[in-house]
Amino acid sequence: MEKKKVGFASGIGFVLAAAGSAVGLGNLWAFPYKTSANGGAAFVILYVVCVLLMGFTTMICEIFIGKRAQANPITAYKKAHKNVGWFGMLAVVIPSLIMCYYSVLGGYTVKFSLNSFVGNAGQFENFAGNFGDVILYVAIFLALALVIVMAGIKGGIEKASKVLMPTLFIILVGLAVFALFLGEGVSDGISFYLNPDFSELDGASVLAAMGQAFFSLSLGMGAMIVYGSYTGKEINLVKATGMICVCDTLVALLAGLAIFPSVFHYMATTGVSAEKLGMGGIGLMFQTLPLVFEDMGVVGRILSFLFFAMVSIAAITSVISLLEVACQFVIQKFHAPRKKAALVVTAFCFAVAVPVAISLGKTLNHDASMLIFGQNWLDFLDLVSNTVLMPVSALFVCVAVGWIIGPKQAVKEIEEGGTKLGWFRPVLGVMAKYVCPLLIGVVEAFGLVDLIMPVKEGVRTFSSNGLGIALTGYGLLLVCAVIYFLFFRNVYTGTNEDELIAEEKAAEA
Ligand code: PHE
């Protein structure tokens, strides 16, 4: 009799779910404006190099750590060495921070898609400042994600990804093709987006590309460990990782092709200047694009609906992976039924998302009454999780595989697990041991410098707020370690087997 197990039913299901995690706001929103601001195609090349040099190997290592342990990140790291289980605690804590602000933006995208037919233009500050409304949409967004996570890996996450990811891709390609045929302004848009300007590349662009690669590929956040733990021999690690990276990069590239030709067409036909439109940051998606869509009349309303529905889809398939990280741990450690665990985790997320939404809304409306270390809650959480902690966690992934498990053992296990490494066999060790940790260290170091000594009017000036944010991050790291050694090191922390037990218990009840 075949042993029952929890997990993905098929390799393609896993790839789509992992691509769903990777493809998110980072691709559809951050990538396009970062590219346009950092030398266009020159940035794209830099980005692809980062994916190849760091992203690819780190992702293989992450999936591998989960897959070999068939367990949550804490148990998975423990299996590498008992004293590094706290690396896994960090990998659970980071996504738990991210989901609290990611869901606020997710709520925005749902609102903007549903509002398309009434018109979004000029609504942004209004909406952001209308807390009741924002909170309602965050709740709707999280409820959708909750339903999926509750239904489990195979019946929820895999199924949803199989439907949602192709849908997203079709909409995106459709929007890009439509944008390319708009006529006037299109070629300016493309050249604004992609014209390679290597002189614009500086240290900051390199850093932006590296950080973007990690965030966009969902690395250093436990998500890939968790999804990896639900796979078995059916997965070819190299091929699967390659597909996820290609999907993620392709979607990011296409997003810019859908956005910039449309924006430049709008500028060319209305005479509105780029400065007035403000094409960086949060404004590109929620301020600039609604104006562009509004200008296209009825067609624009349909496009607006499709565009924001697509962004909502991307955000949902990402947020479910963030929720799943904490959810999996709660299920496995406490034998909690999945439904209950998902409910608790989502409730926590919502409880923090509320003040995040209020703080963001206030800040966007020039009210500075709700800041932490000079930042609104969204930026604060983003800086702590992404700038300070994410590289540390990504470093841990590489250290675990390159130094603790060791390349020899890792290669052996990967090959026994059904993946022929071929030419990558000798490369994996060098990358995981030296290249990735070194590059990740650079990301962390320069990220900290920019945080603590930001450039103000051309000179680096000390920022006590930046220091506060950095210390918050490292404080959390310390807390993870202390809690681990006090409460988890010598205690059983559960595996996928326990999830099965919990499931059977729930089925009986
Ligand atoms: N990769 C997602 C994006 O590009 C964000 C994310 C990070 C999702 C980490 C899950 C885990 O938006």
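Residues numbered from 1 in each chain as written. Predicted model: local features only at pLDDT ≥ 70, side-chain atom pairs only at ≥ 80, totals over all residues. Heavy atoms only, no water.

Draft legend 1. Seen up close, the overall build of the protein chain. A count of helical and extended segments in the protein chain gives 21 helices and two strands. The C-alpha atoms of the protein chain give a radius of gyration of 22 Å, which matches the 23 Å a tight globule of 509 residues would have. Viewed in the frame of its principal axes, the protein chain has a C-alpha envelope of about 65 × 50 × 45 Å. In the protein chain, which comprises 509 residues, the share counted as buried stands at 59%. Within the protein chain, counting contacts between residues at least 6 apart in sequence, those at least 24 apart form 83% of the total. (Helix = DSSP H or I, 4+ residues; strand = E, 2+ residues; numbered from the N terminus. Rg over C-alpha atoms; globule rule 2.2 N^0.38 Å. Buried < 20%, exposed > 50% of the residue type's maximum accessible area, 1.4 Å probe, protein only. Contact = heavy atoms within 4.5 Å.)

Draft legend 2. Molecular detail of the nonpolar core. Residues F14, Y77, Y108, Y227 and F307 are the most contacted members of the largest nonpolar core, which totals 185 residues. In this structure Y108 touches F124, F127, A128, V134, F286, L360 and L364, once residues within four positions along its chain are discounted. (Core = buried A, V, L, I, M, F, W, Y, C linked by side-chain atoms within 4.5 Å.)

Draft legend 3. Quick look at unusual backbone geometry. Located in the positive-phi region is S218, a residue other than glycine, with phi close to 55°. Residue classification places S218 among the buried residues on the basis of a relative accessible area of 8%.

Draft legend 4. Quick look at the packing of helix α8 (residues 153-180) against helix α12 (residues 237-270). It is the contact of α8 with α12, at a shortest axis distance of 8 Å, that shows an interaxial angle of 35°. The two elements α8 and α12 meet at a crossing, and its hand is left-handed. Residues L168, F169, L172, V173, L175, A176, A179 and L180 of α8 touch α12, and the partners they reach there are L250, V251, L254, A255, L257, A258, P261 and S262. Taken together, the residues that form the contact of α8 with α12 break down as 15 nonpolar, one polar and no charged. (Axes fitted to C-alpha atoms, helices over the stretch in contact; angles between N-to-C directions. Left-handed = near helix turned anticlockwise from the far one by under 90°. Nonpolar A, V, L, I, M, F, W, Y, C, P; charged D, E, K, R; others polar.)

Draft legend 5. Examining the site of the ligand more closely. The immediate surroundings of the ligand are formed by 14 residues, with A22, G26, Y102, F215 and S218 found nearest. Within the contact set of the ligand, a nitrogen atom lies 3.2 Å away from a backbone nitrogen or oxygen of S21. The fraction of the free accessible surface of the ligand (320 Å²) that becomes covered by protein chains is 100%. With respect to the pocket detection grid, the ligand is positioned in the largest cavity. Elements represented by at least two residues in the shell around the ligand include exactly α1 (11-22), α2 (25-37), α10 (203-216) and α15 (297-334). Residue composition of the shell around the ligand, grouped by class: six nonpolar, eight polar and no charged. (Near = heavy atom within 4 Å. Polar contact = N/O pair within 3.5 Å; in protein donor to acceptor, adjacent residues only side chain to side chain. Areas by Shrake-Rupley, 256 points an atom, 1.4 Å probe, with all protein chains shown as cover. 1 Å grid on protein atoms, 1.4 Å probe; cavity = no way out; pocket = protein on both sides within 12 Å on 5 of 7 lines; lining within 4 Å. Sits in = over half its atoms within 2 Å of the grid points.)

Draft legend 6. Quick look at empty space enclosed by the protein. What the rule picks out here adds up to three cavities of 30 Å³ or more. Of the pockets and cavities examined, the largest cavity occupies roughly 130 Å³. Along the walls of the largest cavity sit 15 residues, with S21, F215, S218, S318 and L322 positioned nearest its centre. Breaking the lining of the largest cavity down by element, the ones donating at least two residues are α1, α2, α5 (85-114), α10 and α15. The biggest single contributor to the lining of the largest cavity is α15, with three residues. (Points joined across faces, edges and corners; volume = space filled by probe spheres on them.)

Draft legend 7. Layout of the packing of helix α17 (residues 377-405) against helix α19 (residues 424-452). At their nearest, the axes of α17 and α19 sit 9 Å apart, and the two run at 165° to each other. Between α17 and α19, the interaxial angle falls into the category roughly antiparallel. The two elements α17 and α19 cross, and the hand of that crossing is left-handed. The segment α17 lies against α19, with L383, T387, V388, P391, V392, A394, L395, C398, V401, G402 and W403 engaging A432, K433, Y434, C436, P437, I440, V443, E444, G447 and L451. Its residues placed into classes, the contact of α17 with α19 shows 16 nonpolar, three polar and two charged. (Parallel < 35°, antiparallel > 145°, perpendicular 65-115°, else oblique.)

Draft legend 8. Region of the structure containing the layout of surface pockets. Looking at the largest pocket, its volume works out to about 1,200 Å³. For the largest pocket, the lining is made up of 45 residues, of which K34, D382, L383, N386 and T387 are closest to its centre. Of all the elements in the fold, those that place two or more residues in the lining of the largest pocket are α2, α5, α10, α14 (281-294), α16 (338-364), α17, α19 and α20 (464-488). The leading source of residues in the lining of the largest pocket is α17, at eight residues. The class makeup of the residues in the lining of the largest pocket is 25 nonpolar, 16 polar and four charged.

Draft legend 9. Inspection of the environment of M150 at higher detail. By the element assignment, M150 lies in helix α7 (residues 131-150). Among the residues examined, M150 registers a relative accessible area of 22% and is labelled partly exposed. The spacing of M150 and I320 is 170 residues in sequence and 9.9 Å in space, taken between C-alpha atoms. Beyond its immediate sequence surroundings of up to four residues, M150 is in contact with R338, K339, A342 and L343.

Draft legend 10. Spatial organisation of the side chain of K67. With respect to the helices and strands, K67 occurs in helix α3 (residues 41-69). The buried charged residue K67 lacks any salt bridge, with E234 as its nearest oppositely charged partner at 6.9 Å. Other than its neighbours up to four places away in sequence, K67 contacts G228, S229, T231, G232, I235 and G417. (Lys, Arg positive; Asp, Glu negative; His and termini not counted. Salt bridge = Lys/Arg side-chain N within 4 Å of Asp/Glu carboxyl O.)

Draft legend 11. Just helix α21 (residues 496-508), in detail. Here α21 contains 13 residues, and its C-alpha end-to-end distance of 19 Å stays within 8% of the 18 Å for a straight helix at 1.5 Å per residue. Of all the residues in α21, the buried ones are N496, D498, E499, L500 and A502. Against the buried residues of α21 lie α11 (223-229), α15 and α16. Of the residues that open α21, the one with a side-chain oxygen 3.1 Å from the backbone nitrogen of E497 is T495. (Expected span 1.5 Å × (residues − 1).)

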